[in-house]
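# Architecture at a glance
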Amino acid sequence: MTVDTHEQGDERVHWLPMIAAISSISVVGIAIGLGMPLLSVILESRGHSASMIGLNTAVAGLASIAGAPLATPLAMRLGVARTMLIMIATGALAFVGFHFAPDFWMWFPLRVALHISLTVLFILSEFWISTSAPPNRRGLVLGIYATVLSLGFAAGPWLFAHLGSTGFLPFGVTIALVTLAAIPVLAARNESPTIVTDSETSHFLRYIWLVPTATFAVLVFGAVETGGFSLFPVYGSRIGYSEADAALLLTMIGLGNVLLQIPIGMISDRVSDRRHLLLACATVGLVGTVFMPYFAQNWHLMAALLFVWGGVVAAMYTIGLAHLGSQLSGHELASANAAFVLCYGVGMVLGPQAIGIGMDAFGPSGFGWSLAIFFAAYMVLVLVRLVRRIL
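Residues numbered from 1 in each chain as written. Predicted model: local features only at pLDDT ≥ 70, side-chain atom pairs only at ≥ 80, totals over all residues. Heavy atoms only, no water.

As annotated in an unreviewed UniProt entry, the protein chain carries the name MFS transporter and comes from Mesorhizobium australafricanum. Database annotation for the protein chain, UniProt heading Subcellular location (unreviewed entry): "Cell membrane". (UniProt positions renumbered as here; feature names shortened; annotations may be inferred.)

Below, the structure written as structure tokens:
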């Protein structure tokens, strides 16, 4: 393992590269938030079945997993900023291609190209942010990053609601936003980090096990976020909430996600070992799932619980990323970021399956129990790592 060599370096935040990286990641959020419902509605309007729409959407997850190993080699060969600009252009062309592709089979390669581009953008943006942030303010900077990403995800559906799914307009607006996001990346291209490797480059998958408290934190977050968001409306209806009330509770989770990342990130800058904070977040996640059934009879109590629960659980991503940046540097950090995003993708696959099976087997209570298993398993991992003091 290479210990972070910039821990004792410049303590200033380099805002130009920070804005460049954060603007590109906001495009990822907007593109996913707008693209997912837009493309599904267009396919449905063309008469495709739900299973076929689901199949085409599932390709996105597989493409993300396939794209993760490409980020570091591409950035080493082409440079971080140039690779990001190529991915922005590729993603934009793939996205607008959906509008002009008449046949359903064409949507599969377009979906692959789009999500490989978004995944590489995701990884390199996080790497650039981690290398540009001074150690004593890394939590704050990554809190800002997570907040902007969350706002991007929220802005996508909002745009979709206002633009609709007909015609070229939603595609044209997305292309315009992508073009604007490329400007700060171009402006900061001379300040982008250089990835230099030694003669023996280890496969990026080894970084899953090198800093497991970070990589498994994002796996748990991916599972809880994707599974929880997709199945919470079902859970809500089974415990007596109307569709509107359940949707508002989901909004409270998202609001907690947006508003709590910066303060929790600032707290992470004050602790000597971020693993303790990750353990605390997982504990809050576990306790929150246990109390959900008891708070369910009072909507306002449930809303307050989910606001705190959503923000603290989402901080597992932010703090995990900050912990990763404090332990590694250079090409190791770039490869570890790829492993980090891969674990998020794996969590996205595992979460809905586990929670769905839990609810089929145990009814509504299976929702909370399935979430609790993820948190409890992670807490055991962190406790073992803290006891052994190995990292």
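Another aspect to go through is the overall build of the protein chain. Looking only at helices and strands, one finds 14 helices and 0 strands in the protein chain. Written out in order from the N terminus, the α and β elements of the protein chain read α-α-α-α-α-α-α-α-α-α-α-α-α-α. Computed over the C-alpha atoms, the radius of gyration of the protein chain is 20 Å, within 12% of the 21 Å expected from 2.2 N^0.38 for a compact globule of 391 residues. Taken over the C-alpha atoms alone, the protein chain extends approximately 55 × 55 × 30 Å along its principal axes. (Helix = DSSP H or I, 4+ residues; strand = E, 2+ residues; numbered from the N terminus. Rg over C-alpha atoms; globule rule 2.2 N^0.38 Å.)

Once that is clear, we can look at the nonpolar core. In terms of nonpolar packing, the biggest core is built from 126 residues, with Trp128, Tyr145, Trp309, Tyr317, Phe367 and Phe375 touching the most fellow members. The element best represented in this core is helix H12 (residues 299-327), accounting for 16 residues. Contact partners of Tyr145, with chain neighbours within four places excluded, come to Ile22, Ile25, Phe122, Glu126, Ile129, Tyr317 and Leu321. (Core = buried A, V, L, I, M, F, W, Y, C linked by side-chain atoms within 4.5 Å. Buried < 20%, exposed > 50% of the residue type's maximum accessible area, 1.4 Å probe, protein only. Contact = heavy atoms within 4.5 Å.)

Right, let's talk about the packing of aromatic side chains for a bit. Enumeration over the complete set of coordinates arrives at 16 aromatic pairs. Plain terms: the ring middles of Phe95 and Phe98 are 6.5 Å apart, the flat faces sit at 75 degrees to each other, and that makes the pair edge-to-face. One end of the pair, Phe95, and the other, Phe98, are both in helix H4 (residues 80-100), 3 residues apart, so they sit about a helical turn from each other. Here Phe95 falls in the buried class, since its relative accessible area comes to 2%. Centre to centre, the rings of Phe232 and Phe367 are 6.0 Å apart; their planes meet at 65 degrees, and the pair counts as edge-to-face. Of this pair, Phe232 sits in helix H9 (residues 212-238) while Phe367 sits in helix H14 (residues 365-388), and the two are 135 residues apart along the sequence. Just as Phe232 is buried, Phe367 falls in that class too. The ring of Tyr207 carries Arg206 above its face, with NZ or CZ at 5.1 Å from the centroid. (Phe/Tyr/Trp six-rings, centres within 6.5 Å; stacked < 30°, edge-to-face > 60°. Lys NZ or Arg CZ within 6 Å of the ring centre and 35° of its normal.)

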